[in-house]
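What follows is the residue order along each chain.
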Amino acid sequence: MKAFVLEGPGVFKLKNVPVPIPKPSEILLRVKAAGICGSDIPRIMITGAYHHPLIPGHEFAGEVVSIGEGVREEIVGMRAAIYPLIPCNSCRWCKEGLYNLCDNYDYMGSRRDGAFAEYVCVPASNLVRIPENIPFEHAALIEPIAVAFHGLRNAGLKNGENVVIFGAGPIGLFLCQIAKLLGANSILIIDIINQKLEVARKYGWAETINASEVDVIKEIHLKFPHGADLVIDTSGSSNALHQAVAITRKHGRILLIGNPHDSIKILQKSFETILRHELQLIGTWNSIMLNEWGQIIQWMASGEINVEPIITHRISLDELPRIIQLMHERKIVHEKVLVVM
Ligand SMILES: [Zn+2]
Ligand SMILES: [Zn+2]
């Protein structure tokens with residue numbers, strides 16, 4: 001089969017490799033669509049994966065084509081999205097149902113082979129059935145949508161609250177949509193690229209601010225004199241954190257959902273504000289299949305979450321190496337880039 005193989009940091013190629021054989025309790029999935037996650041770019045270009053060679057890709061959906069020992073025959077032919085995290089099921093956190101916090105997890109696309117290939121082996125327990133009216137290309141995005149949903153659950157978003165989001169990438173745009181579904185009163189998204197903000201405006205998901213054109217802190221205080229109830233950073237940057245602290249209301253929350261690509265510096269003034277305003281900084285990590293994926297599928301099937309405008313590029317596996325390079329060099333403006341097979 002054809003596969004995108006990462007052989008070391010920055011070293012990758014399209015290769016012909018044997019189709020994997022499902023082990024007991026696994027299935028073989030024919031990949032139909034796989035999204036490129038923001039985290040894939042540094043993983044492929046800079047840091048590498050946990051071991052090499054490895055096939056990246058953790059946002060995906062496809063069709064079950066064969067099964068390993070101990071898996072029910074009826075599963076063959078199932079259309080499914082895949083929860084990429086494989087929990088140990090025996091640590092303290094797994095026993096509490098917090099599988100995303102497992103001490104000893106495996107992960108498709110970073111610790112074991114993922115979906116940038118024609119086929120991938122998946123534990124049967126990680127399959128989530130998708131209804132006929134959700135196309136594979138949309139189902140591949142259930143993972144990042146669930147990450148956004150999990151973040152909002154962690155942040156305890158309440159009805160009527162005001163939300164400000166830094167970063168209009170796919171996670172930011174999904175956060176807008178889900179915050180609205182969860183009853184947010186006012187949603188504002190900030191970025192420096194107008195093209196990205198336009199999507200949010202066009203579909204009425206949020207009001208927008210271009211941080212390269214106006215003073216963000218001033219603008220937010222004009223809109224929310226007491227500050228925002230919940231501020232979310234998807235960018236993982238010192239500057240966004242500094243601004244987030246300045247625009248959060250007293251006793252408000254800051255949700256950190258973006259991976260930092262460098263050390264984050266907190267100014268003394270910001271640190272003092274966190275103390276004086278009794279701000280809460282909340283982390284979030286992955287999603288929980290059992291609690292969250294069903295809700296996302298329901299929202300997608302009913303059209304309450306609109307995925308299509310967030311897919312800006314559909315590419316083939318053959319084009320993947322070139323596109324990864326372009327994304328790394330920031331030579332294309334994109335939201336979700338999907339590998340379609
Ligand atoms: Zn991801
Ligand atoms: Zn565990």
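## Side note on the coordination of the zinc ion (ligand 1)
Here is step 1: Looking at the zinc ion (ligand 1), one finds its protein donor set to be Cys37 (SG) and His58 (NE2), positioned 2.1 to 2.3 Å from the metal centre. Of the two residues, Cys37 is situated in the loop between strand E3 (26–36) and helix H1 (40–47) and His58 in the loop between H1 and strand E4 (59–67); the sequence distance between them amounts to 21 residues. You'll find Cys37 and His58 in the same group, each marked buried.

## Considerations on a nonpolar patch on the surface
Here is step 1: Taken together, the side chains of Ile264, Ile266, Phe271 and Leu275 define a hydrophobic patch exposed on the protein surface, amounting to about 360 Å² of accessible area.
Here is step 2: Within the fold, Leu275 resides in helix H9 (residues 268–276).

## Considerations on the packing of aromatic side chains
A ring pair, where both rings are aromatic, is described by two values, the distance of the centres and the angle of the planes.
Here is step 1: Counted by the stated rule, this structure contains six aromatic pairs.
Here is step 2: Summarising the aromatic geometry, the rings of Phe149 and Trp299 are spaced 5.1 Å apart at their centres and angled 75 degrees between planes, so their arrangement reads as edge-to-face. You can see Phe149 sitting in helix H4 (residues 142–154) and its partner Trp299 sitting in helix H10 (residues 289–301), a full 150 residues away along the chain.
Here is step 3: Seen from their ring centres, Tyr203 and Trp205 are 5.2 Å apart, and the 25 degrees between their planes marks the pair as stacked.
Here is step 4: Judged by relative accessible area, Tyr203 falls into the partly exposed class, the value being 36%.
Here is step 5: On the accessibility criterion, Trp205 (8% relative accessible area) is buried.
Here is step 6: Its guanidinium or amino end placed over the ring of Phe136, Arg79 lies 4.4 Å from that ring's centre, counting from NZ or CZ.
Here is step 7: Positioned above the aromatic ring of Phe149 is the side chain of Arg153, whose terminal nitrogen or guanidinium carbon lies 5.8 Å from the ring centre.

## Thoughts on the environment of Leu281
Here is step 1: Within the secondary structure layout, Leu281 lies in strand E15 (residues 280–283).
Here is step 2: Separated by 222 residues in sequence, Leu281 and Glu59 have C-alpha atoms that sit 27 Å apart.
Here is step 3: Once you skip the residues sitting within four places of it in the chain, Leu281 turns out to touch Ile254, Leu256 and Ile274.

## Regarding the coordination of the zinc ion (ligand 2)
In an ideal tetrahedron of four donors about a metal, each angle is 109.5 degrees. In an ideal octahedron of six donors, the angles are 90 or 180 degrees.
Here is step 1: On the protein side, the zinc ion (ligand 2) has Cys88 (SG), Cys91 (SG), Cys94 (SG) and Cys102 (SG) as donor atoms, found 2.3 to 2.4 Å from it.
Here is step 2: Classification of the site at the zinc ion (ligand 2) rests on its four donor atoms, whose angles at the metal span 100 to 119 degrees, yielding the label tetrahedral.

## Overview of the layout of surface pockets
Here is step 1: For the second largest pocket, the calculated volume is near 280 Å³.
Here is step 2: Taken together, 17 residues form the lining of the second largest pocket, with Met1, Pro20, Ile55, Asp113 and Cys121 sitting closest to its centre.
Here is step 3: Looking at the lining of the second largest pocket, the element that brings in the most residues is strand E8 (residues 119–123), giving three residues.
Here is step 4: Tallied by class, the residues present in the lining of the second largest pocket amount to twelve nonpolar, one polar and four charged.

## Topic: the nonpolar core
Here is step 1: With 59 residues, the main nonpolar core has Ile142, Ile145, Ile189 and Ile232 as its most contacted residues.
Here is step 2: The set of elements that each furnish at least two residues to this core consists of helix H3 (136–139), H4, strand E10 (162–166), helix H5 (170–181), strand E11 (186–191), helix H6 (194–202), strand E13 (228–233) and H10.
Here is step 3: In terms of residue count, the dominant contributor to this core is H4 (seven residues).
Here is step 4: Built from parts of two domains, this core gets at least three residues from each of domain 1 (2–144 + 286–340) and domain 2 (156–283).
Here is step 5: In this view, Ile145 contacts Phe174, Ile178, Ile296, Met300, Ile305 and Val307; residues no more than four positions away in its chain are not counted.
Here is step 6: Residues Ile27, Ile41, Ala117 and Leu317 belong to the second largest nonpolar core, which totals 42 residues.

## Considering H5
Here is step 1: A rise of 1.5 Å per residue sets the reference length of H5, with its twelve residues, at 16 Å; its end C-alpha atoms lie 17 Å apart and thus fit the reference within 8%.
Here is step 2: Taken across its twelve residues, H5 has nine buried, putting it largely inside the fold.
Here is step 3: Turning to H5, its buried residues are Pro170, Gly172, Leu173, Phe174, Leu175, Cys176, Gln177, Ile178 and Ala179.
Here is step 4: Immediately beyond the C-terminal end of H5, within one or two residues, lies Gly183, with a positive phi of roughly 100 degrees.

## Quick look at the pairing of strand E16 (residues 311–315)
Here is step 1: Of the strand pairs in this sheet, E16 and strand E17 (residues 336–340) are connected by four bridges, and their pairing is parallel. Following the sheet pairing, Ile311 is matched in E17 by Lys336.
Here is step 2: You can see the chain leave E16, run along helix H11 (residues 320–328) and come back into E17, and the turn it takes is right-handed.

Conventions adopted
- As a convention, each chain's residues are numbered from 1 in the sequence order in which they are written.
- Following the order in which they are written, the chains are lettered starting with A and the ligands numbered starting with 1.
- Given that this is a predicted model, residues contribute local features only at a pLDDT of at least 70 and side-chain atom pairs are listed and counted only at 80 or more, while totals for whole chains, interfaces and linings are drawn from all residues.
- Hydrogens are left out, water is left out, and the side-chain values use all remaining heavy atoms of the structure.
- Atoms are scored as donors when they are N, O or S and lie within 2.8 Å of the metal, with 3.2 Å used for Na, K and Ca; no water is included, so coordination may look incomplete.
- Working definition: helices are DSSP H or I runs of at least four residues, strands are E runs of at least two. Numbering for both runs from the N terminus.
- Relative accessible area decides the class of each residue, using a 1.4 Å probe on protein chains only: under 20% of the type maximum gives buried, over 50% gives exposed, and in between gives partly exposed.
- The residues that make up patches have over 30% relative accessible area and no salt bridge, and they are joined within 9 Å when like-charged or within 5 Å when they are Val, Leu, Ile, Met, Phe, Trp or Tyr.
- Surface accessibility in these figures is a Shrake-Rupley result with a 1.4 Å probe; residues are shielded only by whichever protein chains are displayed.
- Take a side-chain nitrogen of Lys or Arg and a carboxyl oxygen of Asp or Glu: if they are within 4 Å of each other, that pair is a salt bridge.
- Aromatic contacts are taken between Phe, Tyr and Trp rings whose centres are within 6.5 Å, Trp giving its six-membered ring; a plane angle under 30 degrees counts as stacked, one over 60 as edge-to-face, and the others as tilted.
- Over a ring means this: the NZ of a Lys or the CZ of an Arg is within 6 Å of the ring centre and within 35 degrees of the ring normal.
- In what follows, a contact means two residues having at least one pair of non-hydrogen atoms within 4.5 Å.
- A four-donor site is called tetrahedral if each angle lies between 85 and 135 degrees; a four-donor site is square planar, and a six-donor site octahedral, when trans pairs exceed 155 degrees and the remaining angles lie between 65 and 115; all other cases are labelled irregular.
- With a 1 Å grid laid over protein atoms only, a set of points is called a cavity when a 1.4 Å probe fits there but cannot get out and a pocket when it is open yet has protein on both sides within 12 Å along at least five of seven lines; lining residues have an atom within 4 Å of a point.
- Grid points are joined across faces, edges and corners, and a volume is the space filled by probe spheres set on the points.
- We call Asp, Glu, Lys and Arg charged. Ala, Val, Leu, Ile, Met, Phe, Trp, Tyr, Cys and Pro are nonpolar, and the rest, Gly among them, are polar.
- Grouping buried Ala, Val, Leu, Ile, Met, Phe, Trp, Tyr and Cys residues that are joined through side-chain atoms within 4.5 Å yields what is termed a nonpolar core.
- A domain assignment, automatic or from a database, supplies the domain bounds used here.
- Multiply 1.5 Å by the residue count of a helix minus one, and that product is the helix's expected span.
- Should DSSP find at least two bridges between two strands, the strands are regarded as paired.
- With the strands pointing away from the viewer, any crossover whose connection runs clockwise from the first strand over the helix to the second is right-handed.

Function cannot be inferred from these measures alone, as they are strictly geometric.
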